[in-house]
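Below are the chains, spelled out letter by letter.
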Amino acid sequence: MKLDSLTLHHLRMPLVAPFETSFGRTTDRECILISIQSEGLTGYGECVADRDPGYSYETVGTAWHIMKEFIAPLLLGRDSDEAEHFQRRVEHIRGHHLAKAGVEMALWDLRGKLEGRPLREMLGGIRDRVQVGVSVGLQTSPEVLVKTVEKYLAAGYGRIKIKIKPGRDVGDTTAVREAFLTIKLQVDANSAYSLATWESLKPLDLLDLLLIEQPLNEDDIWDHRKLQKELRTPVCLDESIITLRHARYALEMEACKIINIKAGRVGGLSQAVLIHDLCRERGMPVWCGGMLETGVGRASNLALASLPGFVLPGDISASNRYYTEDITCERFTLNPDSTIDVPSGPGLGVTIESGALKKFTLAELRLDAE
Ligand code: OSB
Ligand code: MG
């Protein structure tokens, strides 16, 4: 599989509703769509870096730079069929996992199309539909939050995650728990606390939560261990798990009881599968996180979440929870049992709606093999 060209599309897509976390508020999501061409076929990947370095140090700007200057030259005009080859090829580029993962996804899609195999099969998935939930951003008040959650429950979501931050934690979560006594509920702090401030979270331990996601900083695996010792509620790590090694550290330190896997954060689907395998072997439950993906990244998340170790509902909601208009012809819908079907077509199993792609593209760069 010789790569003829690689094209970057900087996208900006309006969200159906603003999404607010402890690190900021998004009304229009930005990302980079990568397309690669080989043997007359096109593979697509989504780089989930955002406009701002809030969730990760990477941004659309840094990812564009890394892909254009460092990753594309390693691939163009050369054979590159296996994800493992790709990882070895980009090994000397330190960090920049979101950039690497976006390109790796395009390679998986292309290879799946060449071989006529769906991504879920290539990754070792065992399900054709996966359990999903919805991630609800910070709202203007606990009352508005309860109304928003009610709307998602009515739409059929069987698991709710709410975002918290200092001053908007116990009150918000208690309001939701009191309004809906038996729902599956979890919270995500996106690193907003430290060992000095975490005690304000103690009352959450009485609210029967599935998990508390990433209360402390990205590089605080050791402090998460201390926190987990103080809480009955499982701590779940998101931002902290950026490589297979970090997953092992968390396991060995008993820093958490659950891991959220995002292919972007760990540098690609191949790395996500390795982390899944390790967690499965050691009895650590995992679930698939989300980054407000377009239909391209959503298809990838669904395929990943079909692996056997993904035993908790993923942050993979229906397309209409995010976008009125998406860049894929396919739209993902919620089944009555709070599942979404995993695409079964070759590769990611989605097709690009070129009109929508054009409409949401702010900048485009095509790089050709010499
Ligand atoms: O921490 O899980 C997170 C979105 C952007 C950045 C970080 C996170 C999120 C979400 C949204 O929670 C999950 C989704 O895509 O629905
Ligand atoms: Mg998170």
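As a reminder, the structure under discussion sits directly above these lines.
Residues numbered from 1 in each chain as written. Chains lettered and ligands numbered in written order. Predicted model: local features only at pLDDT ≥ 70, side-chain atom pairs only at ≥ 80, totals over all residues. Heavy atoms only, no water.

Once that is clear, we can look at the nonpolar core. Counting residues in each nonpolar core, the largest one holds 88 residues, and the members touching the most others are Ile-160, Ile-162, Val-176, Leu-204, Ile-259 and Leu-304. Each of domain 1 (5–116 + 353–368) and domain 2 (121–341) accounts for three or more of the residues forming this core. In contact with Ile-259, other than residues within four places in its own chain, are Cys-236, Leu-237, Ile-241, Ala-247, Cys-279, Met-284, Pro-285, Val-286 and Trp-287. (Core = buried A, V, L, I, M, F, W, Y, C linked by side-chain atoms within 4.5 Å. Buried < 20%, exposed > 50% of the residue type's maximum accessible area, 1.4 Å probe, protein only. Domains from an automatic or database assignment. Contact = heavy atoms within 4.5 Å.)

Next up on the list: the coordination of the magnesium ion (ligand 2). Note on the magnesium ion (ligand 2): its protein donors are Asp-188 (OD), Glu-213 (OE) and Asp-238 (OD). The metal-donor distances range over 2.1 to 2.3 Å. Positions of the donor residues of the magnesium ion (ligand 2), expressed as sequence spacing, correspond to D-x24-E-x24-D. With Asp-188 in strand S7 (residues 184–188) and Asp-238 in the loop between strand S9 (235–237) and helix H8 (244–253), this residue pair connects regions lying 50 residues apart in the sequence. By the burial criterion, Asp-188 is buried, and Asp-238 matches it. (Donors = N, O, S within 2.8 Å, 3.2 Å for Na, K, Ca; no water. Helix = DSSP H or I, 4+ residues; strand = E, 2+ residues; numbered from the N terminus.)

What follows deals with the sheet that holds strand S2 (residues 24–38). On the basis of which strands lie adjacent, the open sheet formed by four strands has the order S3-S2-S1-S13 and antiparallel pairing. With one partner strand each, in any of the chains shown, strand S3 (41–47) and strand S13 (361–368) form the two edges of the open sheet. When strand polarity is set aside, the average angle formed by the axes of neighbouring strands in this sheet is 25 degrees. Note that strand S1 (residues 5–21) and S2 share 13 bridges and pair antiparallel. In the strand pairing of S2, Thr-7 is matched with Ser-35. (Pairing = 2+ DSSP bridges. Axes fitted to C-alpha atoms, helices over the stretch in contact; angles between N-to-C directions.)

With parallel pairing, the seven strands of this open sheet are ordered in space as S5-S6-S7-S8-S9-S10-S11. On the outer flanks of this sheet lie strand S5 (134–136) and strand S11 (286–288), each paired with one strand and no other. As judged from the three bridges shared by S5 and strand S6 (residues 159–163), these two strands associate in the parallel manner. Looking across to S6, one finds that Val-136 is bridged to Ile-162. Across the sheet, helix H5 (residues 142–155) lies against S5 and S6, angled at about 150 degrees from S6, the strand it touches most. In the packing of helix H6 (residues 170–179) onto the sheet, contacts are made with S6 and S7, and the angle to S7 comes to roughly 170 degrees.

Now for the site of ligand 1. Lining the immediate surroundings of ligand 1 are 15 residues, of which Ser-135, Asp-188, Asn-190, Leu-292 and Tyr-322 lie closest. In the environment of ligand 1, an oxygen atom lies 2.7 Å from a nitrogen or oxygen atom belonging to the side chain of Asn-190. In this structure, Tyr-322 approaches ligand 1 through a side-chain N or O atom, which is 2.6 Å from an oxygen atom. Protein burial of ligand 1: of its 390 Å² of free accessible surface, 97% is covered by the chains. Here the residues of the shell around ligand 1 sort into five nonpolar, three polar and seven charged. (Near = heavy atom within 4 Å. Polar contact = N/O pair within 3.5 Å; in protein donor to acceptor, adjacent residues only side chain to side chain. Areas by Shrake-Rupley, 256 points an atom, 1.4 Å probe, with all protein chains shown as cover. Nonpolar A, V, L, I, M, F, W, Y, C, P; charged D, E, K, R; others polar.)

Let us look at the pattern of salt bridges. Tallied over the entire structure, the rule returns 22 salt bridges. Residues Arg-51 and Asp-52 are paired through a salt bridge, measuring 3.3 Å at the closest nitrogen-oxygen approach. Residue Asp-52 is classed as partly exposed on the basis of its relative accessible area, which comes to 42%. Here Asp-238 ties to Arg-265 by a salt bridge, and the two come within 2.6 Å at their closest N and O atoms. Pair noted here: Asp-238 is in the loop between S9 and H8 and Arg-265 is in helix H9 (residues 263–266), with a separation of 27 residues, a long-range link. Pair check on accessibility: Asp-238 and Arg-265 agree, each one buried. When salt bridges that share partners are traced, they join Arg-159, Lys-161, Lys-163, Asp-188, Glu-213 and Asp-315 into one network. (Salt bridge = Lys/Arg side-chain N within 4 Å of Asp/Glu carboxyl O.)

With that settled, the discussion passes to H8. Listed as buried for H8 are His-246, Ala-247, Ala-250 and Leu-251. Projection of H8 onto a plane perpendicular to its axis shows the buried side chains occupying an angular sector of 140 degrees, all on one side. Structurally, the start of H8 carries an N-cap: the backbone nitrogen of Arg-245 is 3.2 Å from a side-chain oxygen of Thr-243. After H8 finishes, the residue Glu-254 shows a positive phi value of roughly 55 degrees. (Arc of directions from axis to C-beta.)

Tracing the backbone shows Asp-172 in helix H6. Polar side-chain contacts of Asp-172 include one of 2.8 Å to the side chain of Arg-168. Not counting residues within four places of it along the chain, the set of residues in contact with Asp-172 comprises Pro-142, Leu-145 and Ile-162.

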